[in-house]
Amino acid sequence: MITFHVPGVPAPQGSKTAMPVRKNGKLTGKTNQVESSKALQPWRTLVTHQGRRAKPKGFTPYVGAVRVEVIFRFPRPKGHYGTGRNAGTLKPSAPEHHITKPDADKLLRAIFDGLTAAGIYRDDSQVIETYAAKRYAHGDNPGASISVQPI
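So, how was this worked out
Residues numbered from 1 in each chain as written. Predicted model: local features only at pLDDT ≥ 70, side-chain atom pairs only at ≥ 80, totals over all residues. Heavy atoms only, no water. Buried < 20%, exposed > 50% of the residue type's maximum accessible area, 1.4 Å probe, protein only. Helix = DSSP H or I, 4+ residues; strand = E, 2+ residues; numbered from the N terminus. Pairing = 2+ DSSP bridges. Axes fitted to C-alpha atoms, helices over the stretch in contact; angles between N-to-C directions. Contact = heavy atoms within 4.5 Å. Expected span 1.5 Å × (residues − 1). Polar contact = N/O pair within 3.5 Å; in protein donor to acceptor, adjacent residues only side chain to side chain.

Caption draft 1: Seen up close, the pairing of strand E1 (residues 2-7). Judged by which residues are buried, E1 turns out to be one-sided: Ile 2, Phe 4 and Val 6 face inward and are buried, whereas Thr 3, His 5 and Pro 7, on the alternate face, are not. Relative to strand E6 (residues 143-150), E1 is paired through six bridges, and the arrangement is antiparallel. The residue bridging His 5 from the neighbouring strand is Ser 145, located in E6.

Now the structure itself:
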């Protein structure tokens, strides 16, 4: 089993958008697939980097079925906290659960691709079981805790 933490604000990997290609101001009839989130590339790069660091020396990528568990932790919005002398205190009305965007499935897409690039497994089609949870971070510690194990 490989377990590690990726610090930072998790970014979703949404659908790709087809953008027409222009050459000298004219359409070429070709399209490029562009990711919808600007935060995606740095996040996926960080997942890949931390995944590579977590692998034991001499590790070879898993070739069979794997289970991936991820707990995403997001910073709470400032509106969840009081003001003035209560600035560090959660309001009673602050939600307990992170039920806003991004969607867990889109967050997992970025993780799966980062794990493939890190050499944890050969292809994300090997993932046959997942567990994903979205939570609010305690204090200033957003990120993702990731665990990958062969089945």
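And the narrative resumes.
Caption draft 2: The arrangement of the sheet that holds strand E4 (residues 66-74) in detail. Spatial ordering of the open sheet is given by E1-E6-E4-E5, a layout of four strands whose pairing is mixed. If you trace the sheet from one side to the other, it starts and ends with E1 and strand E5 (127-136), each paired once. Going across the sheet, the axis of each strand differs from the next one's by a mean of 10°, ignoring polarity. Bridge count for E4 against E5 is nine bridges, and the pairing is parallel. Bridge pairing in E5 places Glu 69 opposite Tyr 131. On top of the sheet, helix H1 (residues 40-54) reaches E1 and E6; it is set at about 145° to E1, its chief contact.

Caption draft 3: Summary view of H1. Here H1 spans 21 Å end to end across 15 residues, near enough to the 21 Å set by a 1.5 Å rise per residue. If you check which residues of H1 are buried, you get Leu 40, Trp 43, Arg 44, Val 47, Thr 48, Gln 50 and Gly 51.

Caption draft 4: Representation of the side chain of His 80 in the model. Among the structural elements, His 80 can be located in the loop between E4 and helix H2 (104-118). Judged by relative accessible area, His 80 falls into the buried class, the value being 10%. A distance of 2.8 Å separates a polar atom in the side chain of His 80 from a polar atom in the side chain of Arg 76. The residues touching His 80, leaving out its near neighbours within four places in the chain, are Thr 89, Leu 90, Lys 91, Ala 94, Pro 95 and Tyr 136.

By themselves these figures say nothing about function.
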